[in-house]
Amino acid sequence: MANIPQKIIHQHLRHNKKFPHVWCAGCSHGIVLGSTIRAVAELNLAKDDVTMISGIGCSSRMPVYADFNTCHSIHGRAIAFATGVKLFKPEQNVLVVTGDGDATAIGGNHFIHACRRNINLTILILNNNIYGMTGGQYSPTTPTGAKATTTPYGNIDPVFDICNLALGAGATFVARTTAFHTMETQKVIKQGIEHTGISVIEIVSSCPVIYGKLNKKGTPADMLRWMKDNTITIAESQKLPPEKLDGKLIRGIFKQEIRPEYTDSYQKLIESTQVTKEAKK
Ligand SMILES: Cc1ncc(C[n+]2csc(CCOP(=O)(O)OP(=O)(O)O)c2C)c(N)n1
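Residues numbered from 1 in each chain as written. Predicted model: local features only at pLDDT ≥ 70, side-chain atom pairs only at ≥ 80, totals over all residues.

A short note on the environment of Leu 249
So, point 1. Within the secondary structure, Leu 249 sits in strand 8 (residues 249-256).
So, point 2. For Leu 249, a count of 17 C-beta atoms within 10 Å translates into the label partly exposed.
So, point 3. As for Leu 249 and Cys 27, which are separated by 222 residues in sequence, their C-alpha atoms are 20 Å apart.
So, point 4. With residues up to four places along the chain from it excluded, the contact list for Leu 249 reads Val 204, Asn 230 and Thr 231. (Helix = DSSP H or I, 4+ residues; strand = E, 2+ residues; numbered from the N terminus. Buried ≥ 20, exposed ≤ 12 C-beta atoms within 10 Å, placed from the backbone. Contact = placed C-beta atoms within 7 Å.)

Given below as structure tokens:
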């Protein structure tokens with residue numbers, strides 16, 4: 001993997017306009033921003049050829065700091081905005097940055113239908129298991145039994161597995177990584193951007209200030225260490241007996257397949273409906 005000079009990272013950040021950022025000390029969303037920028041730089045994409053769109057949330061602040069074409073849209077609607085941009089400007093590399101709440105609660109409907117359509121967006125879902133920005137309400141990925149400000153006695157809801165949800169809805173590139181695995185995240189984002197069709201990348205992130213505190217997860221470093229110690233690659237998981245997989249989160253690319261892409265089908269449809277001058281005569 002190319003070693004991306006620090007200078008390039010600074011060129012891709014609005015470092016003299018939008019910093020300091022809003023993320024709490026110890027939040028791992030910023031680490032993911034670093035991996036994202038390095039992935040774009042590694043692909044040698046011009047900043048003007050990249051559009052980053054988010055909803056609302058701590059994770060969704062990312063486009064404020066990245067110096068691409070950006071849109072910090074409304075809660076749960078990032079994919080709807082991104083779909084519009086991609087259909088109008090198919091040549092743009094459109095990245096969506098969203099949280100577990102933004103993508104799978106209020107935005108769940110847009111999410112499953114984008115997967116079904118196979119529209120060429122790269123969707124980064126920063127899963128910190130909670131609504132960080134609004135004070136720690138539970139989300140569809142808050143583990144059963146875990147505490148949030150709205151589940152002070154423990155959550156009784158079963159959880160969404162974001163990757164399984166994307167697979168079930170028909171996404172053609174589905175992967176999971178973590179904020180701890182920065183180089184892996186960089187690589188998988190790069191592969192997601194290169195993929196023709198929708199790519200859904202779940203990136204396990206951490207909210208030490210609310211989720212971590214409520215659930216006694218220790219320091220920010222402890223939460224990153226958890227990602228290191230409790231996740232394994234698909235290849236590693238295949239070597240282990242089922243009982244050893246208990247409590248382990250699997251990382252890697254679960255699916256990568258090519259099927260008709262939505263903006264392409266849409267363009268073909270438009271062309272098929274154009275009446276040629278000859279036909280008019
Ligand atoms: C229509 C609407 N409903 C609710 C909100 C309040 N709100 C803003 S961010 C957010 C949750 C964000 O959680 P998540 O997407 O998981 O991101 P995180 O902050 O954890 O990174 C909510 C409920 C809003 N801004 N708009």
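Next comes the rest of the account.
A word on the site of the ligand
So, point 1. Surveying the vicinity of the ligand reveals 18 residues, the closest of which are Gly 57, Gly 99, Gly 101, Asp 102 and Gly 132.
So, point 2. Ranked by residues supplied to the shell around the ligand, first place goes to helix 5 (residues 100-106) with four residues.
So, point 3. Taken together, the residues of the shell around the ligand sort by class into seven nonpolar, nine polar and two charged. (Near = placed C-beta within 6 Å. Nonpolar A, V, L, I, M, F, W, Y, C, P; charged D, E, K, R; others polar.)

A few points about the environment of Phe 254
So, point 1. Positionally, Phe 254 belongs in strand 8.
So, point 2. You can call Phe 254 partly exposed: it has 18 C-beta atoms within 10 Å.
So, point 3. Counting along the chain gives 175 residues from Phe 254 to Ile 79, while the straight-line C-alpha distance between them is 22 Å.
So, point 4. Each residue touching Phe 254, except ones within four places of it in the same chain, is listed here: Cys 163, Leu 167, Val 174 and Ala 175.

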